[in-house]
Amino acid sequence: MTIDSHANRFVCDLVAYEPGKPIDETARELGLDPSQIVKVASNENPLGPSPLAKAAMREALEDAHIYPDGGGFRLRGAIADSLGFSRENVVLGNGSNEIIELLCHTFLNGRTELIAAEHAFVVYKLMATLFGAGYVEVPDPGFIHDLDAMADAITGKTRLVFIANPNNPTGTMVDQQAIDRFMDRLPEHVIAVFDEAYIEFPDHPPDTLRYVREGRNVCVLRTFSKIHGLAALRVGYGIAPAHLAGLLQKARQPFNVNAIAQAGALAAMRDSQHMSQTRELNRQGLAFYEKALAERGLEYVPSHANFILLKTGEGDHVFREMLKQGVIIRAMSGYKLPDWVRVSIGTHAQNLRCLEVLDDVLAARLAAC
Ligand SMILES: *Cc1c(COP(=O)(O)O)cnc(C)c1O
């Protein structure tokens, strides 16, 4: 008998999250220089961090011997100001992933359920499992969350409904009307969680913050990992009515967001130029891929985010073959989409290289059969 038999069953049963393959690891395996690797696997910002954030983080290093502000006073204040809330509405997380965990900590147990869409971000399922809760998966025809069906799926056991908007890995977005209809039906014992990690990319995103203002059971998740290019720092936040935000505050560790991350995030928020450059580069990159994929007759899902889901057939094979040529993409078998891959929008040079290697791999596969 090993100690495993005493471990929490939900932990033993968990299939761990598989992140995008790291650049260094790939370079080592291929005997290449890391600078030759193109990583378009994790929806990172191809422009890197905002220069203002880098400067602020260098300065913050001087005080690395001091514990961070556990209350995140300045950053929470700046986020609240920028969105028209007060500090009490903002919870900081070690990435917005941590806010997902705090929500589950606060509301889930073996007698409750979490609802998400069939092709939603996998972390929701991981977290529901970790907390021993039921995971209810609602079909999403055309890869778009079906909010009416998600509302139909609510029972007395439901505590959290996750709506990723735009969703990862599909890049699809639900509109204001669908959200309003859903909110009209949301019962008092359920919290709607709008995960808006990519909300800065679409031109006309729906407004969910209005429901936080109205004091509804809503938590909106945002992150510094995507448009702000600070994925390595692990900083994100939730916006919720004060009583709900207060509960989440109790569930977190005292210093969950480090001081360098707080300084970087604060500066990044003020760098509107870096944000608009990122958005513009992404717009061009998406247009480039949509045209190229259409020319090749490859099916793809029109995206509102900074990545694109495309159907190549045999996603694991395409991933492995592209990896051999130094291009890291993401296979989607973990999302029950074995024929699809997800490609993050890179710089123009990265997009060209990625497409070139994709063409090569697909041509080789054709030649082999
Ligand atoms: C990337 C992403 C996040 C953000 O994760 P962080 O922990 O903030 O880095 C959250 N939700 C979705 C759907 C994402 O794709």
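Residues numbered from 1 in each chain as written. Predicted model: local features only at pLDDT ≥ 70, side-chain atom pairs only at ≥ 80, totals over all residues. Heavy atoms only, no water.

## Some remarks on the domain arrangement of the protein chain
Part 1 of the argument: On domain assignment, one finds that the protein chain holds domain 1 (3-48 + 273-361) and domain 2 (51-271).
Part 2 of the argument: On a C-alpha basis, the centres of domain 1 and domain 2 stand 23 Å from each other.
Part 3 of the argument: Between domain 1 and domain 2, the residue contacts involve 31 residues of the former and 31 residues of the latter.
Part 4 of the argument: For the pair domain 1 and domain 2, the two sides together bury roughly 2,700 Å², of which 68% comes from carbon and sulfur.
Part 5 of the argument: For domain 1, the biggest contributors to the area lost against domain 2 are M275, H304 and Y335; these three give 24% of the whole.
Part 6 of the argument: Joining domain 1 to domain 2, the criterion identifies one salt bridge.
Part 7 of the argument: Measuring nitrogen to oxygen at the nearest pair gives 2.6 Å for the salt bridge that ties E137 to K336. (Domains from an automatic or database assignment. Contact = heavy atoms within 4.5 Å. Buried area = accessible area lost by both parts, 1.4 Å probe. Salt bridge = Lys/Arg side-chain N within 4 Å of Asp/Glu carboxyl O.)

## A closer look at the nonpolar core
Part 1 of the argument: If you look at the biggest cluster of nonpolar residues, it comprises 81 residues, and the most contacted ones within it are L103, L160, F162 and F182.
Part 2 of the argument: By residue number, the principal contributor to this core is helix α5 (residues 96-107), which donates six residues.
Part 3 of the argument: Of the domains in this structure, domain 1 (3-48 + 273-361) and domain 2 (51-271) are the two that each give at least three residues to this core.
Part 4 of the argument: Not counting chain neighbours up to four residues away, the residues in contact with L160 comprise L103, C104, F107, L108, E113, L114, I115, V190, I191 and V193.
Part 5 of the argument: Judged by nonpolar contacts, the second largest core, of 29 residues, contains V38, A41, L293 and I329. (Core = buried A, V, L, I, M, F, W, Y, C linked by side-chain atoms within 4.5 Å. Buried < 20%, exposed > 50% of the residue type's maximum accessible area, 1.4 Å probe, protein only. Helix = DSSP H or I, 4+ residues; strand = E, 2+ residues; numbered from the N terminus.)

## Regarding the sheet that holds strand β2 (residues 90-93)
Part 1 of the argument: Read across the open sheet, the seven strands follow the order β2-β8-β7-β6-β5-β3-β4; overall the sheet is mixed. Two strands lie at the open edges of the sheet, namely β2 and β4 (134-138), each paired on one side alone. Going across the sheet, the axis of each strand differs from the next one's by a mean of 20°, ignoring polarity.
Part 2 of the argument: For strand β3 (residues 113-117) and β4, the ladder comprises five bridges, and the chain directions are parallel. When the sheet's bridge partners are listed, A117 is paired in β4 with V138.
Part 3 of the argument: On the sheet, helix α4 (residues 73-83) packs against β2, β7 (218-223) and β8 (236-239) and is oriented at approximately 130° with respect to β2. (Pairing = 2+ DSSP bridges. Axes fitted to C-alpha atoms, helices over the stretch in contact; angles between N-to-C directions.)

## Some points on the site of the ligand
Part 1 of the argument: What surrounds the ligand is the set G95, S96, N97, F121, N168, D195, A197, Y198, T223, S225, K226 and R234.
Part 2 of the argument: Side-chain polar atom of R234 to an oxygen atom of the ligand: 2.6 Å apart, as the coordinates give it.
Part 3 of the argument: Relative to its unbound accessible surface of 390 Å², the ligand loses 94% to contact with the protein.
Part 4 of the argument: Its residues assigned to classes, the shell around the ligand comprises three nonpolar, six polar and three charged. (Near = heavy atom within 4 Å. Polar contact = N/O pair within 3.5 Å; in protein donor to acceptor, adjacent residues only side chain to side chain. Areas by Shrake-Rupley, 256 points an atom, 1.4 Å probe, with all protein chains shown as cover. Nonpolar A, V, L, I, M, F, W, Y, C, P; charged D, E, K, R; others polar.)

## A look at the packing of aromatic side chains
Part 1 of the argument: Applying the stated rule across the entire model yields seven aromatic pairs.
Part 2 of the argument: Geometrically, the ring pair formed by F224 and Y237 is tilted, given 5.8 Å between the ring centres and 50° between the ring planes. Of the two residues, F224 sits in the loop between β7 and β8 while Y237 sits in strand β8, which places them 13 residues apart along the sequence.
Part 3 of the argument: Assessed through its relative accessible area of 2%, F224 is described here as buried.
Part 4 of the argument: Through pairs of rings, three or more aromatic residues link up here, namely F121, Y124 and F162.
Part 5 of the argument: When the ring centre of F73 is taken as reference, the NZ or CZ atom of R87 above it lies at 3.6 Å.
Part 6 of the argument: Above the plane of the ring of F307 lies R342, whose end atom (NZ or CZ) is 5.7 Å from the centre. (Phe/Tyr/Trp six-rings, centres within 6.5 Å; stacked < 30°, edge-to-face > 60°. Lys NZ or Arg CZ within 6 Å of the ring centre and 35° of its normal.)

## Re the pattern of salt bridges
Side chains bearing opposite charge may pair, as long as their charged atoms lie close to each other.
Part 1 of the argument: All chains considered together, the criterion is met by 18 salt bridges.
Part 2 of the argument: Close ionic contact of K39 with E44 constitutes a salt bridge, the shortest N to O distance being 2.9 Å.
Part 3 of the argument: We classify E44 as partly exposed; its relative accessible area is 30%.
Part 4 of the argument: The partner of E356 in a salt bridge is R353, and the shortest N-O contact between them spans 2.9 Å. Here the residue E356 and the residue R353 both occupy positions in helix α14 (residues 348-368), the gap between them amounting to three residues, near one helical turn.
Part 5 of the argument: On the accessibility criterion, E356 (47% relative accessible area) is partly exposed.
Part 6 of the argument: Take R353: its relative accessible area is 30%, and that puts it in the partly exposed class.

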